[in-house]
Amino acid sequence: MPRNPYARLFAIPGATAFTVGNLIARLPMGMFSVSAVIMISGARGSYALAGAVTATGLAATAVVAPWTARLVDRHGQARVAVPATAFAALGSLSLLLCVRYGAPDWTLFASYAATASTPNTGGMSRARWAHLLKGDAPAVHTANSFEQAADELCFMLGPVLAAFLCGALFPQAGTLIGVVLLLTGVLVFAAQRATEPPPHGRTEASSESPSPLRARGMPALLVAFLATGAVFGSLEVVTIAFADAQGHKSAAGAVLALQAAGSCAAGLVYGAAKPRGPLIRRQLLCGAAMAALMTLPLLAVTLTDSLIALSGALLIAGMATAPTMVTGMTLVQERTPDDRLNEGMTLAVTGLLGGIAGGAAGGGWAVEHLGPTAGYGVPVGAACCALLVSSAQACATRTPTPPTARPRVPNGA
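No experiment lies behind these values; they were computed from the predicted model shown. (Residues numbered from 1 in each chain as written. Predicted model: local features only at pLDDT ≥ 70, side-chain atom pairs only at ≥ 80, totals over all residues. Heavy atoms only, no water.)

A.B. asks: Any chance you could break down the overall build of the protein chain for me, citing the residues and the numbers?
C.D. replies: Each helix and strand in the protein chain was counted, giving 18 helices and 0 strands. Every one of the 413 residues in the protein chain was classed for burial, and the buried ones make up 50%. Of the contacts made within the protein chain by residues no fewer than 6 positions apart, 84% connect residues no fewer than 24 positions apart. Within the structure as shown, the protein chain displays about 18700 Å² of accessible surface, and the carbon and sulfur contribution to it stands at 67%. (Helix = DSSP H or I, 4+ residues; strand = E, 2+ residues; numbered from the N terminus. Buried < 20%, exposed > 50% of the residue type's maximum accessible area, 1.4 Å probe, protein only. Contact = heavy atoms within 4.5 Å. Areas by Shrake-Rupley, 256 points an atom, 1.4 Å probe, with all protein chains shown as cover.)

A.B. asks: Which residues make up the environment of Pro-198, and what values do they have?
C.D. replies: Within the secondary structure, Pro-198 sits in the loop between helix H9 (173-190) and helix H10 (218-245). Distance from Pro-198 to Arg-128, taken between C-alpha atoms, is 9.8 Å for residues 70 residues apart in sequence.

A.B. asks: Tell me about helix H15 (residues 321-335), residues and numbers included.
C.D. replies: In this model, H15 (15 residues) spans 21 Å end to end at C-alpha, consistent with the 21 Å of a helix rising 1.5 Å per residue. With respect to burial, H15 is a largely interior element, 14 of its 15 residues being buried. (Expected span 1.5 Å × (residues − 1).)

A.B. asks: Outline the layout of surface pockets, supporting the account with residue identities and numerical values.
C.D. replies: In this structure, the second largest pocket spans a volume of roughly 690 Å³. Surrounding the second largest pocket, 31 residues form its lining, Ala-130, His-131, Lys-134, Val-140 and Gln-333 being those nearest its centre. Of all the secondary-structure elements, those providing two or more residues to the lining of the second largest pocket are helix H4 (47-75), helix H7 (121-132), helix H8 (137-168), helix H12 (279-293), H15 and helix H16 (341-370). The element that contributes the greatest number of residues to the lining of the second largest pocket is H8, accounting for 4 residues. Here the lining of the second largest pocket is built from residues that sort into 14 nonpolar, 10 polar and 7 charged. (1 Å grid on protein atoms, 1.4 Å probe; cavity = no way out; pocket = protein on both sides within 12 Å on 5 of 7 lines; lining within 4 Å. Points joined across faces, edges and corners; volume = space filled by probe spheres on them. Nonpolar A, V, L, I, M, F, W, Y, C, P; charged D, E, K, R; others polar.)

A.B. asks: Kindly report on the environment of Ala-116, identifying the contributing residues and their values.
C.D. replies: As for its position among the elements, Ala-116 is in the loop between helix H6 (105-114) and H7. We classify Ala-116 as buried; its relative accessible area is 2%. Taking the C-alpha atoms as reference, Ala-116 lies 7.5 Å from Leu-58; in sequence the two are 58 residues apart. Here Ala-116 is in contact with Ala-60, Thr-61, Val-64 and Ala-65, once residues within four sequence places are set aside.

A.B. asks: Explain the packing of helix H2 (residues 15-26) against H8 to me, using residue names and the numbers behind them.
C.D. replies: Remark: H2 packs on H8, axes separated minimally by 10 Å, with the N-to-C direction vectors making an angle of 35°. Judged by the sense of rotation from one axis to the other, the crossing of H2 with H8 is right-handed. Contacts between H2 and H8 involve Thr-19, Asn-22, Leu-23 and Arg-26 on the former and, on the latter, Phe-146, Glu-147, Ala-150, Asp-151 and Cys-154. Looking at the contact of H2 with H8 residue by residue, the classes come out as 4 nonpolar, 2 polar and 3 charged. (Axes fitted to C-alpha atoms, helices over the stretch in contact; angles between N-to-C directions. Left-handed = near helix turned anticlockwise from the far one by under 90°.)

A.B. asks: Mind laying out the side chain of Thr-61, listing which residues take part and the relevant values?
C.D. replies: Examined against the element boundaries, Thr-61 turns out to sit in helix H4. For Thr-61, the side chain forms a polar contact with the main-chain oxygen of Gly-57, separated by 2.8 Å. The contacts of Thr-61, once residues within four sequence positions are left out, are Pro-66, Ala-116 and Leu-353. (Polar contact = N/O pair within 3.5 Å; in protein donor to acceptor, adjacent residues only side chain to side chain.)

A.B. asks: Tell me what's going on with H10, and back it up with residues and numbers.
C.D. replies: Residues lying three or four places apart along an α-helix face the same way, a consequence of the helix completing one turn every 3.6 residues. For H10, which comprises 28 residues, the first-to-last C-alpha distance of 41 Å matches the rise-based estimate of 40 Å (1.5 Å per residue) to within 8%. Immediately beyond the C-terminal end of H10, within one or two residues, lies Gly-247, with a positive phi of roughly 80°.

A.B. asks: Let's hear about the packing of H10 against helix H14 (residues 307-317): which residues, and what values?
C.D. replies: Relative orientation of the contacting elements H10 and H14 amounts to 160°, with a least axis distance of 11 Å. As judged from the angle between their axes, H10 and H14 are roughly antiparallel. In this structure, H10 meets H14 at a crossing whose hand is left-handed. For the pair H10 and H14, contact is made by Leu-235, Thr-239, Phe-242 and Ala-243 and by Leu-307, Leu-310 and Leu-314, respectively. Tallied by class, residues from the contact of H10 with H14 come to 6 nonpolar, 1 polar and no charged. (Parallel < 35°, antiparallel > 145°, perpendicular 65-115°, else oblique.)

A.B. asks: Please give an account of the pattern of salt bridges that cites residues and values.
C.D. replies: One pass over the structure, following the stated rule, counts 2 salt bridges. For the salt bridge of Arg-26 with Glu-147, the shortest nitrogen-to-oxygen distance reads 2.4 Å. Remark: Glu-147 occurs in helix H8 and Arg-26 occurs in helix H2; sequence separation between them is 121 residues. Each member of the pair, Arg-26 as well as Glu-147, is classed as buried. Between Glu-196 and Arg-193 there is a salt bridge, and its shortest N-O distance comes to 2.9 Å. According to the relative accessible area criterion, Arg-193 is exposed, its value standing at 55%. (Salt bridge = Lys/Arg side-chain N within 4 Å of Asp/Glu carboxyl O.)

A.B. asks: Explain a nonpolar patch on the surface to me, and be specific about the residues and the numbers.
C.D. replies: A cluster of nonpolar side chains, namely Leu-90, Leu-93, Leu-169, Phe-170, Leu-176 and Ile-177, defines an oily patch on the protein surface of about 500 Å² accessible area. Only helix H5 (77-100) and H9 provide two or more residues apiece to the nonpolar patch. Here Leu-169 lies in the loop between H8 and H9. On the basis of relative accessible area, Leu-169 is assigned to the exposed category, the value being 52%. (Patch = residues over 30% accessible without salt bridge, like charges linked within 9 Å, V, L, I, M, F, W, Y side chains within 5 Å.)

The structure is reproduced here in structure tokens:
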């Protein structure tokens, strides 16, 4: 086997094929919301309507995604992911047609809500790695790091690609091409049956594993994901507002891409390393680093009021987010029963998405009432909340050390 940890991953037969398919399917996840906002606001002249439609889709995803993941665990990835993706694709196409032909506003909400059946492609890929690498903790760590770097890359390129397509071709181009990529990627991914985890089927209620929500420490871990999502959501809104105030709103995407690039690079380096110590301690260290580095953008805009200084601060601040996410996802895998692994990871992603929505709302409020500079206090506060929750769950899940028994003195000694 090759010594490079990433080369070792892709030396596994079938790993490259399912990864390529998953990356193609994952790229549109960063395209759809941006494409919808551009398409709806351009046709209806209302950013409020566009934002409400995308928020509705996010809320629907938070409800539907765990159920879809549970079906994936029971019946298999290919059997569930393909029809679920096809239904979501019909929702996106319905949205496109409703906008194009001036259908009533309620049809936009209904169409975008239908896209909530999109399976968690990143979670399915992580589940495959967990199945293929079972018992090899260092290799699982490397695989989770690669998947987090892939998430960052897709969410960095997706919005840029969507904005380019909608501007260079026609307003519906981002949604249309996103649908094609999603369907193609899921079909390629699902065709790799040799690497697919075996379905666990429907079992009796008495023998079925408990819900991941009931696992020790899992609720607090999901709250930490919620707070981490608030870091991402608030950072995006506040950065767009700051760039707009500087007269360079069009540069906001490139500035945010630097944060994602820093996270992507840090994720790959973290995956190649061999961190030691308990996972919960590593999560605390990563959370502390994220809370500390998130102060850099606030300091940059407060002291310099410069977009260039902010860009460098975001690049450095992003280097703590991927290790934090990797460690959190590894903890989710550790605490979730094997037959409900997709469900557990989807719950984590759902918490993250909920945090992004809440963070975006909080960041928007701070910008409107306090100004863009003060708005950078929101991601700092969210990162500190994530650290506090992680500290609390570390204390709650710590196993007490049993007292050392005194040696018995033999009778007559």
